[in-house]
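# Architecture at a glance
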Amino acid sequence: MNLAGITYYTSELVFQDFFKMAADWIPQQVSGGPWNTGQAFAGFTTDGYPLLNVGQAAATLICRDIQGRYPSGPYTCFYSGTGTITLGFDAAVTSQSPGVIQFNVTPTNGSIYLRITASNSADPIRNIRVVPQMYLSTYATQPFTPRFLDRHRRFKALRFMDFQQTNNSTLANWADRATPTTFSQGTWKGVAVEHMIQLCNALDDDCDGVLERFARQDIAGADSLAEHFEDRRAGTPAIFDL
């Protein structure tokens, strides 16, 4: 089974932490201005969270254009760092304190609209998680939604070509790949290898094509991938499509 890539507009809800399916950051102004100013951010953290210029904001979307087919009701946004996060479109904030925002979602085609409007460069906003109430007790240990797991249990081999964003990738170094702490798994870097291994273990499936991207591009440090599988893959050996 060839798994689809992760996007902010995918109708398949893969992760219990919905922020793992967020769109790439959109540069905006804190007040007014166009939807996308085109202004470069001041930089990024190692996990891809933006460092802001004066007067700048960073926006992203979650569950956009899927006809409101995602869970309604209470959600929690967790984050680390010093700054300000606002929520809008389908999301209505009910309470907040440093590091925690409670909000309700009324799903439409509009999405959850999250903005970072202030971020301390010495302690930037990072480690954002957006979690429906039903997953609060499980998202930290089981990243995948029950429905996603159940849908794929009948398959005995998984192929990750699109999951990895293999085609036309410019990734050149193992150190630059996505990791589980990368702000979203829906970027051009694809899904973290660790999550792919977790999925194979959860389904007791073989992992076909996991090395495809790294082998095709002769990525520096790709030997680390084999080490990941040796250390973390449970049960039957993975099958590599080289």
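Before reading on, note that the structure itself is shown above.
An account of the accompanying structure is given in this report. Because the structure is a prediction, the values reported are computed rather than measured.

A word on the sheet that holds strand 6 (residues 83–89). Here we have four strands laid out as an open sheet, ordered 1-4-9-6, and antiparallel in their pairing. Across the chains shown, the open sheet's two edge strands, defined by having one partner strand only, are strand 1 (26–29) and strand 6. Strand after strand, the sheet turns through a mean of 30° between neighbouring axes, direction not considered. Alignment of strand 1 against strand 4 (residues 56–62), held across four bridges, turns out to be antiparallel. Paired with I26 across the two strands is A59, which belongs to strand 4.

The next thing to look at is the sheet that holds strand 10 (residues 126–132). The antiparallel open sheet is built from four strands, whose spatial order is 7-8-5-10. Either end of the sheet is taken by a strand with one partner, and the two such strands are strand 7 (91–97) and strand 10. On average, each strand axis in the sheet is inclined to that of its neighbour by 20°, with strand direction left out of account. Inspection of the sheet shows strand 5 (residues 73–80) paired to strand 10 by five bridges, in the antiparallel sense.

By the element assignment, C77 lies in strand 5. The class of C77 is buried, set by a relative accessible area of 0%. With 59 residues separating them along the chain, C77 and F18 place their C-alpha atoms 9.8 Å apart. Ignoring sequence-local partners within four residues, the contact set of C77 consists of I85, G99, V100, I101, F103, L114, I128, R129 and V130.

One pass over the full model with this rule turns up five salt bridges. A salt bridge links D123 to R126; the shortest N-O distance between them is 2.8 Å. Note on D123: relative accessible area 26%, which makes it partly exposed. Residue R126 is classed as partly exposed on the basis of its relative accessible area of 31%. For the salt bridge of R153 with D150, the shortest nitrogen-to-oxygen distance reads 3.1 Å.

What follows covers the pairing of strand 4. Extensive coverage of strand 4 is indicated by the burial of seven of its seven residues. Along strand 4, one buried face is formed by Q56, A58, T60 and I62 and the opposite face, lined by A57, A59 and L61, is buried too. Looking at chain direction, strand 4 and strand 9 (residues 112–119) are connected through five bridges and run antiparallel. Bridge pairing links A59 to R115 in strand 9.

Criteria and thresholds
- Residues numbered from 1 in each chain as written.
- Predicted model: local features only at pLDDT ≥ 70, side-chain atom pairs only at ≥ 80, totals over all residues.
- Heavy atoms only, no water.
- Pairing = 2+ DSSP bridges.
- Helix = DSSP H or I, 4+ residues; strand = E, 2+ residues; numbered from the N terminus.
- Axes fitted to C-alpha atoms, helices over the stretch in contact; angles between N-to-C directions.
- Buried < 20%, exposed > 50% of the residue type's maximum accessible area, 1.4 Å probe, protein only.
- Contact = heavy atoms within 4.5 Å.
- Salt bridge = Lys/Arg side-chain N within 4 Å of Asp/Glu carboxyl O.

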